[in-house]
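# Summary of the model geometry
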Amino acid sequence: MANVTDLQTKYSKLAQEYSKLRAQNQVLKKAVVDEQANSTSLKDQLKQREQSLRKQEQEMDSLSFRNQQLAKRVELLQEELAVSEAKGKKGKSKVDSPSQHVRQTQSVFDEDLQKKIEENERLHIQFYEADELHRRQEAEMKARLEELEKNTEQHQSVVDGITNKFTQTIDKLQSDKARLEVKAQCLEREVKDCRIRTEECQQQLRRCQAELNRQLKQSSSVIQEKVPFNDTKFSDYNSLNVPPHNRRHQLKARDVAGQALGFIQDLVAALLNFHSYTEQRVHIYPLDSSIEPISPLNQKFAQYLHENAAYVRPLEDSFMQLYQSITEETVTALETVVELKKFTEHFSLYTHFLQKILPYQLKSLDEECRTPLCTAALAAKNQEIKNDMRRVTAMFDKLQNYMSLLALPSVRHDAVPQSSISTVFTQLDGCLHSLHDAIKEMSKHYNQKASLEQELPTVTQKLSTTTECLLGSLSSLNSCTGKIATFFSNNLDFFTTSGYSPKGGAVALNPVHAATMLSNKKRAAAYIRAITKPRPPSVPYQEALANRRILTSSTESREGLTQQVQQSLEKISRLEQEKEHWLLEAQLGKVRLEKESQRIADLEAQLAAALGGSPNPQTVATASTLPQNVEIAEAEQNVAGKETVMCTSLVGMLCTLPTSENVGDEESREQLIKTHYMARVGELTTQLQISDSKAVHFHSECRALAKRLGIAEKARESLMEEIKLANLNITRLQDELTTTKRSYEDQLSMMSDHLCSMNETLSKQREEIDTLKLNSKGNAKKNKGR
């Protein structure tokens, strides 16, 4: 409702502004009309003046014509006078009466000429004065006309701007009105929804209050009856309670430790580079060790700097062990992180190393200042670098003190109060920022020193490259310390808040508590794994939909595969029978071979006896072994039940195995031909089986594709129907949109007309009020005068 009232007040304010603008527009229209009337009157006056000017010009032309006539007449008279004077000189003896007459006429002409000359002069003066007046008036009129035209143009531009502004304001008001109406409707709906929600929330609140009251009564009765005492009231008893395992805190601790490990690795690399390049610079400047021996001080300083890896590398290794000790299954707190003590010990060794090399570094800089080519600016920069070195060493020492304080709870439980840990972390944060500022200043001063050294004439390429490497290590050290400071500031809340504490108190975590908590967690996990049964694997819904289409389309292929399996089983059975048959044939062939070998041995023995020699011992041995093989073969033949075994397969039906001992060349040739054709027939049968299986497979695939095509056609038809319905909905919505647009436009036009009429009535009422006020003031003045 408050939003609706705000909208109404905004709408009333907009209507008032619109009425004010309309009244101003009317005043401006009146001013423009007045100016247009003035301009038209001035134009009329200008036309009249031009007409009068034309008349005066015509009069001037007539006067000039008359003046020319008079001048010609005067010239004629002067000529006549000259002629008469000449005649008078020649004839003095003539009578005086005609000369007198001529003199009288001459005096008359002179008087007339004098009058004409005076009149001409007067007319010239009048014409000049009229011309000057006309020119002055014309210039004034033109200036005034130009001024009026400028005023009219300005008024017209003002009127156009005001009209544009009014149209824009009207459009804006109409759009604001429509938007406010829509917003008002939305707010009304929201108000209704909020009322319904408030009623529902009130009902839920009543139910929750009733349920909480019931639970409170039940729990209070259970506490009174079952609990002998509350151990969370006292800190000593509460410290014996096992805190819950905060897995989120543990994951956050591992993440923070991983980020810190990356920063420590960058810091270690930057420190190694800084010390190594400083050692190289000591060997090069102010004296090059390859050319002449350097001072004993710099030798000792370079020797100490060469041992920097023994102090810097353990920082990375110890922090790596600290990171590996923080896992998801452990409890991370200051009391349980034992590896932090090792890191602080290595850090303290590094700070001792910095304190050991600091005097040598300062003396080395003093030795640089004592060189002959050292300028005053370079000496000043060396002094600033000395101050920076002292400050950096002091900051590292301060960091070591705070870190040793943080490592104390892992050694002794009551070493640092719990309330002081947050202060230590805050001071450590400030110390990290101070270290970053100190290294930043040192990097800036080193850059300035390098720029000054480049101006010296004795600078070598080796020194410039070493200085560039040193500046690069300082910039990386600066960026690394800045990242560490920002990282620590961002995670300061995590460091200062303890993630593990017993319920109902702010007691610090004990390592015994941590071990107990982890053992209980493992037991609970083992119990949960023992009682929980694994769910049978389920297929996801999308995969099931995809498999359904495949299954529905592969029913025929499954039938074809079953047929293929049956055929293959039959073929396997036949092949097994053929295998047994060929095994028997192989055994019979062995028997025949033995008989032949025995016969050959007998013949050799007979031949040897006939020749009178001793028999071959090998033939005798074979002859002794032959009766046993013959007995075995006879037993196998009795088992077979036939002397001539017939093949069960199509190939075996073509041949019979003769049992006669004497086999000729023709029979052996027939046997070879039969084996060749049998092998060929076997190959053809395998090819036929492969082709049959491929044909069945293709047939099943074609049937499956046909079924898929039918399913796709059905899906296409359903989609076409959905598209038709969507098009119908779109047309219906477009019709509704056009009707709503028309209705809104009609409403807006009606409202604008109503606003205009209301503004006109308001302006009329204001005018009447103003006239009545003026009348009342006039009446009051008249009454006072009386």
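Residues numbered from 1 in each chain as written. Predicted model: local features only at pLDDT ≥ 70, side-chain atom pairs only at ≥ 80, totals over all residues. Heavy atoms only, no water.

In this structure, Leu340, Tyr350 and Tyr446 are the most contacted members of the largest nonpolar core, which totals 69 residues. Elements that contribute at least two residues to this core include exactly helix H4 (247-284), helix H5 (296-306), helix H6 (308-325), helix H7 (339-369), helix H8 (376-411), helix H9 (418-454), helix H10 (461-490) and helix H11 (492-496). It is H4 that provides the largest number of residues to this core, a total of 14 residues. In contact with Tyr350, other than residues within four places in its own chain, are Leu271, His275, Tyr311, Val312, Leu315 and Phe396. (Core = buried A, V, L, I, M, F, W, Y, C linked by side-chain atoms within 4.5 Å. Buried < 20%, exposed > 50% of the residue type's maximum accessible area, 1.4 Å probe, protein only. Helix = DSSP H or I, 4+ residues; strand = E, 2+ residues; numbered from the N terminus. Contact = heavy atoms within 4.5 Å.)

In this structure, Pro409 sits in helix H8. Of the residues examined, Pro409 reaches a relative accessible area of 5% and is grouped as buried. With 73 residues separating them in the primary sequence, Pro409 and Thr336 have C-alpha atoms 8.1 Å apart. With residues near it in sequence (within four places) discarded, Pro409 still touches Leu334, Glu335 and Val416.

Within the chain, residue pLDDT values average 78, and 82% of them lie at 70 or more. Within the chain, no element has a lower average pLDDT than helix H15 (residues 617-640), which sits at 44, and none a higher one than H6, at 91. The low-confidence segment residues 92-96 (pLDDT under 50) makes zero contacts with residues lying over four places distant or belonging to another chain. Scored below 50 in pLDDT, residues 613-663 makes 46 contacts in the model with residues more than four places away or belonging to other chains. (pLDDT = per-residue confidence, 0-100.)

All chains considered together, the criterion is met by seven cavities of 30 Å³ or more. Estimated volume of the largest cavity: approximately 960 Å³. Surrounding the largest cavity, 44 residues form its lining, Phe319, Leu340, Phe425, Phe488 and Phe495 being those nearest its centre. Listing elements by their share of the lining of the largest cavity, those giving two or more residues are H4, H6, H7, H8, H9, H10 and H11. For the lining of the largest cavity, the leading source of residues is H4, giving eight residues. Partitioned by chemical class, the residues of the lining of the largest cavity number 35 nonpolar, eight polar and one charged. What the second largest cavity holds in volume is close to 140 Å³. Lining the second largest cavity are 15 residues, and of these Phe274, His275, Leu354, Met389 and Val392 lie nearest its centre. The set of elements that each furnish at least two residues to the lining of the second largest cavity consists of H4, H7, H8 and H9. At five residues, H7 tops the list of elements feeding residues into the lining of the second largest cavity. For the lining of the second largest cavity, the residue count by class is 12 nonpolar, three polar and no charged. (1 Å grid on protein atoms, 1.4 Å probe; cavity = no way out; pocket = protein on both sides within 12 Å on 5 of 7 lines; lining within 4 Å. Points joined across faces, edges and corners; volume = space filled by probe spheres on them. Nonpolar A, V, L, I, M, F, W, Y, C, P; charged D, E, K, R; others polar.)

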